[in-house]
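# A structural walkthrough
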Amino acid sequence: MGKEGTSEVLSLDGREISVTHPDKLYFSKQVRVSKLDLVRYYLSVAAGALGGIKDRPIVLKRFVNGAEGEAFYQKRAPEQRPAWLRTVTLSFPSGRTAEEIVVDDVPGLVWIVNLGCIELHPHPVRSADLDHPDELRIDLDPIPGVEWDDVRRVALEVKAFLEELGLRGWPKTSGSRGMHVNVRIEPRWTFSEVRRAAVALSREIERRVPSLASSKWWKEERHGVFLDYNQNAKDRTTCSAYSVRPLPDARVSAPLDWSEVADSNPADFTIFTMPERFAKIGDPHAEMNSSPGSLVQLLEFAGRDEAAGLGDAPWPPHFRKTKSEGTRVAPSRAKSAAKKPRVKMPLITVANSPDKAAALAGLERWKAGHADAAAHLAVDDVLVDSMRGRSSTWTRIRINLRHVPEEIRPKQETPDPDEDPTREWREFSKKKRAEKTSE
């Protein structure tokens, strides 16, 4: 290891990797973590971190200004990259393609961390077969206010159902409020088939624990823990094992043994505690690749649902609509009644911001300014949406006023803050469409 100007040069497996601006703080509010500290963390758990990303194309989610700054997604491999770093070309639902990085070793891992990749976002495919996932991803995402104990209970229900199907789930904390259960599968099903299996699983778990779990896509219809089946759609990625998350305590996505789930606490796993845990017990997911399973039974469940009249569940908005998919519009925005009447929810937007903390502060201001209405809100009446812009994420916070008496329901006001980064682009697109129509 040596210093070269404002860089720290690391010698790793016969390659020299420069860590630029090593003293730059990536976390500073609750804990102090520099870029070099982040690199050292990943080096301490490298065998486990590589287990989640090796031989997989990876999306670069870059926090160039640290965890407290705005992140952006970079699908395409940087032009300035080492000659030894592999790439593969992926195709997307839009019809576009992108050459993406494949990380195979420690030097490659450190190289992308140096770019500001606090989190690791691999696709669920191997480089030799980009059309057939080898991983079913079960994302347990609690709505605001839901306790961790409910997440654990749903995870254990998932485990029991998977075992009935002859599948093995590998649990890990998401590094935030949820939990992921990954299932290694034989790479012989398409993305659409894997997602179809995930939809069937989500619906079955909702049937088994209806008070705890939800398979509903629209946030205003969810309750408890949402099983996000769309994480299995093509072009979607989730943070992999040992990923550091941009939370004030620098916690990480921690692989667990099922025996640990009942007593686990996501706050226990940070870049400060994980190296010691890894040195002591190794990687609980080290054998994941040894037992790939079959989706045949899950797809049979999907077939039964469809025969019973359950069509396809909603896809993300940029995907092509399927034949059996229902109306792709939130119930609160539906303009006409479907075959089964749906109640339009009284939603208002109270905050839009690229800074989640600023949006949450705006929510608290709204509550303070409308204390009478806020007193009637249930836990799931506050909808905190992580929105994807063209290259970055932002936070939208809405309030469902369904439990607030009509006579005291606040009207829609200008959100505070009101920093929707997509507004300018949407207005430009609207203008262009209007001009094209008038021609």
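Residues numbered from 1 in each chain as written. Predicted model: local features only at pLDDT ≥ 70, side-chain atom pairs only at ≥ 80, totals over all residues. Heavy atoms only, no water.

In the predicted model, the protein carries a mean pLDDT of 89, and the fraction of residues at 70 or more is 88%. Mean pLDDT per element in the protein: strand β1 (residues 2–4) is the minimum at 46, and strand β12 (residues 170–173) is the maximum at 98. Predicted confidence is poor over residues 1–5, with pLDDT under 50, and the contacts of this stretch with residues over four places away or in other chains come to nine contacts. (pLDDT = per-residue confidence, 0-100. Helix = DSSP H or I, 4+ residues; strand = E, 2+ residues; numbered from the N terminus. Contact = heavy atoms within 4.5 Å.)

With that settled, the discussion passes to the side chain of Asn-182. Among the structural elements, Asn-182 can be located in strand β13 (residues 179–184). Beyond its immediate stretch of four places on either side in the chain, Asn-182 contacts Glu-135, Leu-136, Arg-137, Ile-138, Arg-168, Gly-169, Trp-170, Lys-172 and Met-288.

Next up on the list: the packing of aromatic side chains. Inspection of the entire model under this criterion finds six aromatic pairs. Between the aromatic rings of Tyr-41 and Tyr-42, the centroid separation amounts to 5.0 Å while the plane-to-plane angle is 65°, which identifies the pairing as edge-to-face. Residue Tyr-41 shares its accessibility class with Tyr-42, and that shared class is buried. With centroids separated by 6.4 Å and ring planes inclined at 75°, the aromatic side chains of Phe-226 and Tyr-229 adopt a geometry described as edge-to-face. Taken together through their ring pairs, the aromatic side chains of Trp-217, Phe-226 and Tyr-229 make up a single cluster. Its end group placed over the ring of Trp-217, Arg-222 keeps NZ or CZ at 5.9 Å from the ring centre. Taking NZ or CZ as reference, Arg-304 lies 4.7 Å from the ring centre of Phe-301, over its face. (Phe/Tyr/Trp six-rings, centres within 6.5 Å; stacked < 30°, edge-to-face > 60°. Buried < 20%, exposed > 50% of the residue type's maximum accessible area, 1.4 Å probe, protein only. Lys NZ or Arg CZ within 6 Å of the ring centre and 35° of its normal.)

Attention now goes to the environment of Pro-142. Following the sequence through the fold, Pro-142 ends up in strand β11 (residues 135–142). The exposure class assigned to Pro-142 is buried, which follows from its relative accessible area of 5%. Considering only alpha carbons, one finds Pro-142 and Val-225, 83 residues apart in sequence, at a separation of 4.1 Å. Contacts of Pro-142, omitting those with residues within four sequence positions, involve Val-151, Arg-177, Gly-178, Gly-224 and Val-225.

Axis separation between helix α5 (residues 191–208) and helix α8 (residues 296–307) bottoms out at 8 Å; the angle between their running directions is 70°. It follows from the interaxial angle that α5 and α8 lie roughly perpendicular. Seen from α5, the contacting residues are Glu-193, Arg-196, Ala-197, Ala-200, Leu-201, Arg-203, Glu-204 and Arg-207; seen from α8, they are Leu-298, Leu-299, Phe-301, Ala-302, Gly-303, Asp-305 and Glu-306. (Axes fitted to C-alpha atoms, helices over the stretch in contact; angles between N-to-C directions. Parallel < 35°, antiparallel > 145°, perpendicular 65-115°, else oblique.)

Below, the discussion takes up the pattern of salt bridges. Under the definition given, this model contains 29 salt bridges. Ionic contacts of the salt-bridge type, sharing partners, join the residues Glu-164, Glu-204, Arg-207, Arg-208 and Asp-305 into one network. (Salt bridge = Lys/Arg side-chain N within 4 Å of Asp/Glu carboxyl O.)

For the rest of this paragraph, the subject is the packing of helix α1 (residues 35–44) against helix α3 (residues 106–114). Viewed as axis vectors pointing N to C, α1 and α3 meet at an angle of 150°, and their least axial separation amounts to 10 Å. The orientation of α1 with respect to α3, classified from their angle, is roughly antiparallel. For the element pair α1 and α3, the recorded crossing hand is right-handed. Residue-level inspection shows Lys-35, Leu-38, Val-39, Tyr-42 and Leu-43 of α1 in contact with α3, the latter providing Val-106, Leu-109, Val-110, Val-113 and Asn-114. (Left-handed = near helix turned anticlockwise from the far one by under 90°.)

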